[in-house]
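Results of the structural survey
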Amino acid sequence: MPGHQAKPPAAQGTQPSDHVPLADYLALLRQIAPAAEAGARDYLAAFARRCGRPLTPAELRRAMADGDGDPALVALIRANHLGDTAGREQLVGQIRCPGKAAR
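For the structure given in this document, a descriptive report is provided here. Worth saying up front: this structure is predicted, and the values here are computed from it rather than measured. (Residues numbered from 1 in each chain as written. Predicted model: local features only at pLDDT ≥ 70, side-chain atom pairs only at ≥ 80, totals over all residues. Heavy atoms only, no water.)

Section: the overall build of the chain
Along its length, the chain carries five helices and zero strands. Listed N to C, the secondary structure of the chain is α-α-α-α-α in terms of helices and strands. The 103 residues of the chain split such that 32% are buried. Here the analysis covers contacts within the chain between residues at least 6 apart in sequence; of these, 59% occur between residues at least 24 apart. Total accessible area computed for the chain in this model is approximately 6700 Å², and 56% of it derives from carbon and sulfur atoms. (Helix = DSSP H or I, 4+ residues; strand = E, 2+ residues; numbered from the N terminus. Buried < 20%, exposed > 50% of the residue type's maximum accessible area, 1.4 Å probe, protein only. Contact = heavy atoms within 4.5 Å. Areas by Shrake-Rupley, 256 points an atom, 1.4 Å probe, with all protein chains shown as cover.)

Some thoughts on helix H2 (residues 34–51)
An ideal rise of 1.5 Å per residue puts 26 Å on 18 residues; H2 measures up with 25 Å between its terminal C-alpha atoms. Inspection of H2 places Ala35, Ala36, Glu37, Gly39, Ala40, Asp42, Tyr43, Leu44, Ala46, Phe47 and Cys51 among the buried residues, and these make up the whole buried set. Packing partners of the buried residues in H2 comprise helix H1 (22–32), helix H3 (57–65), helix H4 (71–82) and helix H5 (85–91). One or two positions beyond H2, positive phi appears at Gly52, with a value near 75°. (Expected span 1.5 Å × (residues − 1).)

Comments concerning the nonpolar core
If you look at the biggest cluster of nonpolar residues, it comprises 23 residues, and the most contacted ones within it are Tyr43, Leu60 and Ile95. Of all elements in the fold, only H1, H2, H3 and H4 reach the threshold of two or more residues within this core. Examining the composition of this core, we find that eight residues originate from one element, H2, more than from any other. In this view, Ile95 contacts Tyr43, Ala46, Phe47, Arg50, Ala72 and Leu76; residues no more than four positions away in its chain are not counted. (Core = buried A, V, L, I, M, F, W, Y, C linked by side-chain atoms within 4.5 Å.)

Looking at the pattern of salt bridges
Counting across every chain of the model gives five salt bridges. In this structure, the salt-bridge partner of Glu59 is Arg53, at a minimum N-O distance of 2.7 Å. On the accessibility criterion, Arg53 (31% relative accessible area) is partly exposed. (Salt bridge = Lys/Arg side-chain N within 4 Å of Asp/Glu carboxyl O.)

Remarks on the packing of H1 against H2
Orientation of H1 relative to H2, taken along the N-to-C sense of each, is 140°, at an axis distance of 6 Å. Residues Leu22, Leu26, Leu29 and Arg30 of H1 touch H2, and the partners they reach there are Pro34, Ala36, Glu37, Ala40, Arg41 and Leu44. Here the contact of H1 with H2 is composed, by residue class, of seven nonpolar, no polar and three charged. (Axes fitted to C-alpha atoms, helices over the stretch in contact; angles between N-to-C directions. Nonpolar A, V, L, I, M, F, W, Y, C, P; charged D, E, K, R; others polar.)

So, the side chain of Glu37
Examined against the element boundaries, Glu37 turns out to sit in helix H2. Judged by relative accessible area, which is 10%, Glu37 ranks as buried. There is a polar contact of 2.7 Å between the side chain of Glu37 and the side chain of Arg30. (Polar contact = N/O pair within 3.5 Å; in protein donor to acceptor, adjacent residues only side chain to side chain.)

Structure below.
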């Protein structure tokens, strides 16, 4: 098409939010609701412990946004909102590691 520019190859298949640094994404969550940021931080820490690698910002975004969100992440946000420390500790055991067994 005349005048139509194709996306550069590096940009194809990515979403703009795939490139948001983790600190910026967490700051945005904090603005929405402090419990959302706290739950996401719990989820990030638990994922790293259980799965042996850090969660990427794009993976966290998908865990928040795909469908109704990752049930463990949503439950961690709710537990943070309610101040349910025991619930938070129980929920970290429900974090799933993609492609391998949890540690």
